[in-house]
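# Fold and geometry: a report
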Amino acid sequence: MFHQFIDWVKDHPYQSIGYSIYVLAFSVIFTIPISYTIMMLGYTYTQVFNSKLYGFLFAVPIVFTGTVLGGLGAFMLSRYLFKDFIKDQISHSTWLSHNFNIIDEIITEEGKLIVALIRLTFAPFGITSYIMGVSSIKFWDFAIGHLSYIFMSSSLCFIGCSLYTAVDNEKG
């Protein structure tokens, strides 16, 4: 199936942009792990353009856009659809309620920094977006904090591009 996807992307490299963004956003919203998908896209676009540089430069904006849109979507769903339910569940546990209130205060004061630091880790993108949606962080602090994700998306795309180079050298 992976080879069929690569062949399809070779035939339609620019149409695959929308599909790739959709798959990443969908994966984030439904909390499906995205690291392998990101590496796969780096590998795929490197093979499509037969260049590590062009594959990397093509994949990074796609990955960044798809994951950030998915994260913002999960945040909005959490904030406006699930917030009351989750707050009610948290209130049943005094330990959880106490700790959540402390974390919420920190996030409210240093929202951009906290989001930026979380996006530099391998913390699950969708789950952290849902948690932030329940907190008191401002939407714009959450959105601006995502700018640091360019480093993580670049590193994962680079791994995918390097995998193609390694496989290609092994064949040759």
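Look above for the structure.
Every chain is numbered independently, its residues counted from 1 as its sequence is written. Local features are withheld for residues below a pLDDT of 70 in this predicted model, meaning they are given only at 70 or higher, and side-chain atom pairs are given and counted only at 80 or more; totals for whole chains, interfaces and linings count all residues. Calculated side-chain values reflect all of the structure's heavy atoms, with hydrogen atoms and water omitted.

Below, the discussion takes up a nonpolar patch on the surface. Taken together, the side chains of Tyr22, Phe26, Phe30 and Ile32 make up a nonpolar region of the molecular surface, amounting to roughly 430 Å² of accessible area. Helix and strand definitions follow DSSP, with helices as H or I runs of at least four residues and strands as E runs of at least two, each counted in order from the N terminus. Assignment of secondary structure puts isoleucine 32 in the loop between helix 2 (16-29) and helix 3 (35-49). A patch is a set of surface residues, each over 30% in relative accessible area and not in a salt bridge, joined within 9 Å for like charges and within 5 Å for the nonpolar side chains Val, Leu, Ile, Met, Phe, Trp and Tyr. Every accessible area reported is derived by Shrake-Rupley at a probe size of 1.4 Å, with residue values counting cover from the shown protein chains alone. Every case where a carboxyl oxygen of Asp or Glu lies within 4 Å of a side-chain nitrogen of Lys or Arg is listed as a salt bridge.

Another point: unusual backbone geometry. Leaving glycine out, the prevailing phi sign among residues is negative, and the prevailing peptide bond configuration is trans. A positive phi angle is found at threonine 31, which is not glycine, with a value near 50°. With respect to the element layout, threonine 31 can be found in the loop between helix 2 and helix 3. The phi dihedral of asparagine 50 is positive, around 50°, even though this residue is not glycine. Along the chain, asparagine 50 falls in the loop between helix 3 and helix 4 (52-91).

Interaxial distance between helix 1 (residues 2-11) and helix 2 falls to 9 Å at its minimum, and their mutual angle equals 135°. In terms of axis orientation, helix 1 runs oblique to helix 2. Along the contact surface, helix 1 presents Phe5, Trp8 and Val9, while helix 2 presents Ser16, Tyr19 and Ser20. Residues belonging to the contact of helix 1 with helix 2 are distributed by class as follows: four nonpolar, two polar and no charged. Axis definition: a line fitted to C-alpha atoms, over the contacting stretch in the case of helices. Angles run 0 to 180 degrees between N-to-C directions. Oblique is the label for every angle not falling under 35 degrees (roughly parallel), over 145 degrees (roughly antiparallel), or within 65 to 115 degrees (roughly perpendicular). We call two residues in contact when some of their heavy atoms are within 4.5 Å. Classification convention: Asp, Glu, Lys, Arg as charged; Ala, Val, Leu, Ile, Met, Phe, Trp, Tyr, Cys, Pro as nonpolar; all other residues, Gly among them, as polar.

For Phe, Tyr and Trp, rings pair up if their centres lie within 6.5 Å, where Trp contributes its six-membered ring, and each pair is then called stacked (planes under 30 degrees apart), edge-to-face (over 60) or tilted (otherwise). Throughout the structure, instances matching the rule amount to 14 aromatic pairs. Each ring, one from phenylalanine 75 and one from phenylalanine 142, has its centre 4.2 Å from the other, and the planes form 15°; the classification is stacked. Taken as a pair, phenylalanine 75 in helix 4 and phenylalanine 142 in helix 8 (residues 139-145) lie far apart in primary sequence, 67 residues in all. Buried, partly exposed and exposed residues are distinguished by accessible area as a fraction of the type maximum, computed with a 1.4 Å probe on protein chains only: under 20%, between the cut-offs, and over 50%, respectively. Take phenylalanine 75: its relative accessible area is 0%, and that puts it in the buried class. These aromatic residues form a ring-pair network of at least three members: Tyr14, Tyr45, Phe49 and Phe58. Against the face of phenylalanine 125 rests arginine 119, its NZ or CZ located 3.8 Å from the ring centre. For a lysine, the NZ atom is tested; for an arginine, the CZ atom; a charge sits over a ring if that atom is within 6 Å of the ring centre and within 35 degrees of the ring normal.

Scope: geometric values only; no functional claims are made or implied.
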